[in-house]
Amino acid sequence: MRLRALVPLVGSIATVAAAAKSVPAPAPSAAAEREYAPLRLHRTTRASIPTNVDAQVLANLFAAEARSDFDVAVSTGTITCDVRTCRVPLTVRLPETTAPARLSFAVASPKGELSEVRHADCLTSLCIVQLVLERGRNVIAVGAADGLTRTSGFATTQVVVDGPMSAQQKRKTEWF
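Residues numbered from 1 in each chain as written. Predicted model: local features only at pLDDT ≥ 70, side-chain atom pairs only at ≥ 80, totals over all residues. Heavy atoms only, no water.

J.: How should the pattern of salt bridges be read in this particular structure?
T.: When the charged atoms of two side chains with opposite charge come close together, those side chains can pair. In this structure the tally under the stated criterion is two salt bridges. Taking the shortest distance from any N to any O, the salt bridge between Arg 118 and Glu 116 comes out at 3.8 Å. The exposure class assigned to Arg 118 is exposed, which follows from its relative accessible area of 54%. Two residues, Arg 135 and Asp 162, come together in a salt bridge whose shortest N-O distance is 2.8 Å. With Arg 135 in the loop between strand E6 (126-134) and strand E7 (136-146) and Asp 162 in the loop between strand E8 (151-161) and helix H3 (167-175), the pair connects residues that are 27 residues apart, well separated along the chain. When its relative accessible area of 33% is taken as the criterion, Arg 135 is described as partly exposed. Judged by its relative accessible area of 52%, Asp 162 is exposed. (Salt bridge = Lys/Arg side-chain N within 4 Å of Asp/Glu carboxyl O. Buried < 20%, exposed > 50% of the residue type's maximum accessible area, 1.4 Å probe, protein only. Helix = DSSP H or I, 4+ residues; strand = E, 2+ residues; numbered from the N terminus.)

Below you can see the structure in the form of structure tokens.
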């Protein structure tokens, strides 16, 4: 029984093989050939230093400690306030060897909102920038990119923004 099943199979294979030998293969025509463009090598573009610094500044708003190639010191000055916002002078101190540098700033507001990354050029090792912040606890992340040495430094600080009380506000609190 098993031989009966193999005999027709072998016969059909022999028929297909004979038919393939008898049919001549078509000659390749000019229209059927495909021409390929020459191989072009594309250089992968690495992200530039300012782009990397901007991303790291935003990441530092959530990090416990900022990693850095050089030290960046950040301090605040006297805060002046309006009804909802305050002006905070921010002093950024860089090492003497890194000037000039491009500074990047980002702020997380008391409501948890993130600002866009803003930039300032710092030509010396000491720069003062004024930020307009909402009242409450703000987290400020600062990054500095030195284009010559291709290094970067970062710092993060928390600032409780609440302006000094005026004499009229002090009197109101004494009454209540």
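J.: Can you help me understand unusual backbone geometry in this one?
T.: Excluding glycine, residues mostly have negative phi values, and the peptide bonds linking residues are mostly trans. For Arg 150, which is not a glycine, the phi torsion comes out positive at approximately 55°. Given the relative accessible area of 49%, Arg 150 is considered partly exposed.

J.: Whenever I open this one, the state of the cysteines confuses me. Can you help?
T.: As used in these notes, a disulfide is a covalent bond between sulfur atoms, one from each of two cysteines. Inspection of the entire model under this criterion finds two disulfides. Each sulfur in the disulfide pair Cys 81 and Cys 86 lies 1.9 Å from the other. Where Cys 81 bonds to Cys 86 through sulfur, the torsion about that S-S bond is close to 105°, and the disulfide is right-handed. Owing to a relative accessible area of 25%, Cys 81 belongs among the partly exposed residues under this scheme. The disulfide that involves Cys 122 links it to Cys 127, with 1.7 Å between the sulfurs. Handedness of the Cys 122-Cys 127 disulfide follows from its S-S torsion of about 95°: it is right-handed. Its relative accessible area of 8% is what places Cys 127 among the buried residues. (Disulfide = S-S within 2.5 Å.)

J.: Would you mind showing me how to read the sheet that holds strand E5 (residues 118-122) here?
T.: The strands making up a sheet associate through backbone hydrogen bonding, with each pair oriented either parallel or antiparallel. Ordered in space as E5-E4-E7-E8, the four strands form an open sheet in which the pairing is antiparallel. Here the strands that pair on one side only, and so sit at the sheet edges, are E5 and E8. When the angles between neighbouring strand axes are averaged without regard to direction, this sheet yields 25°. (Pairing = 2+ DSSP bridges. Axes fitted to C-alpha atoms, helices over the stretch in contact; angles between N-to-C directions.)

J.: Help me understand the pairing of E6, please; the structure alone is not making it clear to me.
T.: Successive side chains on a regular strand alternate, one facing one side of the sheet and the next facing the other. Residues of E6 alternate between two faces, with Cys 127, Val 129, Leu 131 and Leu 133 buried on one and Leu 126, Ile 128, Gln 130, Val 132 and Glu 134 left unburied on the opposite face. Looking at chain direction, strand E3 (residues 85-93) and E6 are connected through nine bridges and run antiparallel. For Arg 87, the partnering residue across the bridge sits in E6 and is Val 132.

J.: Is there a simple way to think about the environment of Ile 79 in this case?
T.: Relative to the helices and strands, Ile 79 resides in the loop between strand E1 (73-76) and strand E2 (80-81). Distance in space between the C-alpha atoms of Ile 79 and Leu 131 is 10.0 Å, their sequence separation being 52 residues.

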